[in-house]
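# Structure assessment
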Amino acid sequence: MKIIFIIVFKLIFLCKLYAQIKDSISVNIFIICDYCDNTYIRNELKIVNHVRNISDANVIVLGMSEEIGSGGEKYRLIFEGKKKFEGMNDTIVFESENDATTTEIRDLYIQNLKLGLLSYILKTPLRKSINYSIEESVTNKLQQDTYDPWKKWVFSISSSGWFNGEQSNQNYNINSNINVNKVCEDWKFNFSYSQSFSRSKFSYNEYEYDYTNRSNHASLNNVWSLSSHWSVGFFSSVGSSSYGNYKYYWSLLPAIEYNIFPYEQSFQKQFRFDYRVGIKQNKYIDTTIFNKTDEIIPIQQLNISLLFYKKWGNIDINVNGNQYLHDLSFFFLSSNLGLSIRLARGFSIYFYGGYSMIRNQINLAKQDVSQEELLLRQRQMETNFSYWGNVGISYTFGSKFNNVVNPRFD
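Residues numbered from 1 in each chain as written. Predicted model: local features only at pLDDT ≥ 70, side-chain atom pairs only at ≥ 80, totals over all residues. Heavy atoms only, no water.

### Focus on the overall build of the protein chain
Filter applied, for reference: Under the DSSP-based scheme used, a helix requires at least four consecutive residues in state H or I and a strand at least two consecutive residues in state E, with every element numbered from the N terminus. By definition, residues are in contact when any of their heavy atoms lie within 4.5 Å. Note on areas: these come from Shrake-Rupley sampling with a 1.4 Å probe, and a residue is covered only by the protein chains present in the view.
Helix and strand counts for the protein chain stand at five helices and 17 strands. Nonlocal contacts in the protein chain, meaning residues at least 24 apart in sequence, comprise 55% of its contacts between residues at least 6 apart. As displayed, the protein chain has an accessible area near 26,200 Å², and 57% of this comes from carbon and sulfur atoms.

### What about the sheet that holds strand β13 (residues 294-310)?
The criterion, for reference: Should DSSP find at least two bridges between two strands, the strands are taken to pair. Helix axes use the C-alpha atoms of the stretch in contact, all axes being lines fitted to C-alpha atoms, and the angles between their N-to-C directions lie in the range 0 to 180 degrees.
Strands sit in the order β6-β7-β8-β9-β10-β11-β12-β13-β14-β15-β16-β17 across an open sheet of 12 strands; the sheet is antiparallel. Every other strand in the sheet has two partners, leaving β6 (153-165) and β17 (385-395) as the edge strands with one partner each. Between one strand axis and the next, the sheet turns through 10° on average, direction left out of account. As paired elements, strand β8 (residues 187-204) and strand β9 (residues 207-225) share 18 bridges and run antiparallel to each other. Looking at β9, one finds that Phe197 is bridged to Arg214.

### Quick look at the pairing of β13
In terms of strand pairing, strand β12 (residues 269-284) meets β13 through 15 bridges, oriented antiparallel. The residue bridging Lys283 from the neighbouring strand is Asp294, located in β13. Relative to strand β14 (residues 313-324), β13 is paired through 12 bridges, and the arrangement is antiparallel. Paired with Ile304 across the bridge in β14 is Val319.

### Notes on the environment of Asp186
Counting through the fold element by element, Asp186 comes out in the loop between β7 (169-183) and β8. A C-alpha to C-alpha distance of 8.8 Å links Asp186 and Ser227, two positions 41 residues apart in sequence. Discounting chain neighbours no more than four positions away, the residues touching Asp186 are Val223, Trp224 and Ser225.

### Quick notes on the confidence of the model for the protein chain
Note the following rule: One number per residue, pLDDT, summarises how confident the predictor is, and it ranges from 0 to 100.
Summing up the model confidence of the protein chain, the mean pLDDT is 83 and the portion of residues at 70 or higher is 83%. Low pLDDT, under 50, characterises residues 13-22; the stretch is placed with one contact to residues that sit more than four places away or in other chains.

### Observations concerning the pattern of salt bridges
The condition that has to hold: By definition here, a salt bridge exists when the distance from a side-chain nitrogen of Lys or Arg to a carboxyl oxygen of Asp or Glu is within 4 Å. To sort residues, take the accessible area from a 1.4 Å probe on protein chains only and compare it with the maximum for the residue type: under 20% means buried, over 50% means exposed, and anything in between is partly exposed.
Considering all chains together, one arrives at six salt bridges under this definition. The salt bridge involving Glu66 is made with Arg76; its shortest N-O contact spans 2.8 Å. Of this pair, Glu66 sits in strand β3 (residues 59-67) while Arg76 sits in strand β4 (residues 73-81), and the two are 10 residues apart along the sequence. With relative accessibility at 24%, the residue Glu66 sits in the partly exposed group. Between Arg272 and Glu257 there is a salt bridge, with its nearest N and O atoms 2.7 Å apart. With Arg272 in strand β12 and Glu257 in strand β11 (residues 246-259), the pair connects residues that are 15 residues apart, well separated along the chain. Owing to a relative accessible area of 15%, Glu257 belongs among the buried residues under this scheme.

### Regarding the sheet that holds strand β2 (residues 49-50)
If you walk across this open sheet you meet the five strands as β2-β1-β3-β4-β5, and the pairing is mixed. Strand pairing shows two members of the sheet lacking a second neighbour, β2 and β5 (89-96), which therefore form its edges.

### Side note on the nonpolar core
The condition that has to hold: Here, nonpolar core refers to any group of buried Ala, Val, Leu, Ile, Met, Phe, Trp, Tyr and Cys residues whose side-chain atoms link them within 4.5 Å.
Membership of the largest hydrophobic core comes to 23 residues, with the highest contact counts inside it found for Val27, Val59, Phe79, Leu113 and Leu117. Listing elements by their share of this core, those giving two or more residues are β1 (28-33), α2 (38-44), β3, β4, β5 and α3 (102-121). Considering every element that reaches this core, the biggest residue donor is α3, with six residues. In this view, Leu113 contacts Ile31, Ile41, Leu45, Val61, Leu77 and Phe79; residues no more than four positions away in its chain are not counted. In this structure, Val51, Ile60, Ile78 and Tyr309 belong to the second largest nonpolar core, which totals 10 residues.

Structure follows, in structure tokens:
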């Protein structure tokens, strides 16, 4: 029995020794990335170890993305060396086209992920097996001037329909959208138009109910960059909504914004104050509860946004509100919080939620709401608040390596 115990002890010791030796000669990566397909990465990148806990990694990769003017995405892979790679840090930036498929985007970030890991792999015995080449056609293409016939203008048109039904009820909805934008370093322009049409029909014995909702909305926005912290712009909109009791409405609001952090760091952290003030006209379908059918009112808006994206998690706080200046008792105030924190090895918590104080419903129709409209939410109802939330925890444990891909029955 003593001999068996000694043998088992030596086997455990040798396994731990082997694991330590393997760690010392390999690249162990931990990827923090919302847009990455981790299964695809593990399948395509087998020359490194994909660890499940951040404390076991000697290379941490933080992936971020933000939309660019062409409608595509700008991606950043931030590499941070740990343990034997301490101090070896790098950032790779690349972009995708606005019509890039999921496969093209996956190939793009796996290619750049390999490039970023190259400096770490060169510090391991794997460097003896590395070979590289650059096609001459690629170098020639890079030397040519890039010509853009659209001058950075991007156009998008979409339309969709949804329907369902059975013997006693039918529902269908049609939505259409048009978007035109141009994004430059010192100027940003956006025009958008959206249209929605929905109809619901119910029948049972001799009872019948038929209701239609229509809405249209168009906006035109211009923003100019003044410095690495300041921006100005104006925001205009026009539209109609049978749900909101608007025959039509329009607004025009000049704006100014200040970002405590430079805009160049917006992919990683933001603390922005956005203030707008202007006028709005409302023409109502039905007389409102304040006996109005048409009114022009001054309005102000304030939006405060705080965003941090770190290795330990991310935090996103937003507070926004608006107020009618002809009567300061009419206001809307909303706060939203998104928080995800990795507390310990394998253990994380997350919370997403929001709360709104609603005191600005000057558009509510004076006409009584029917029981059908109330139950089916076909008309806007009076309320003083709204809220939503999502909270959860997760804990994972087991083998620290996670290199194997097996998609069967996924």
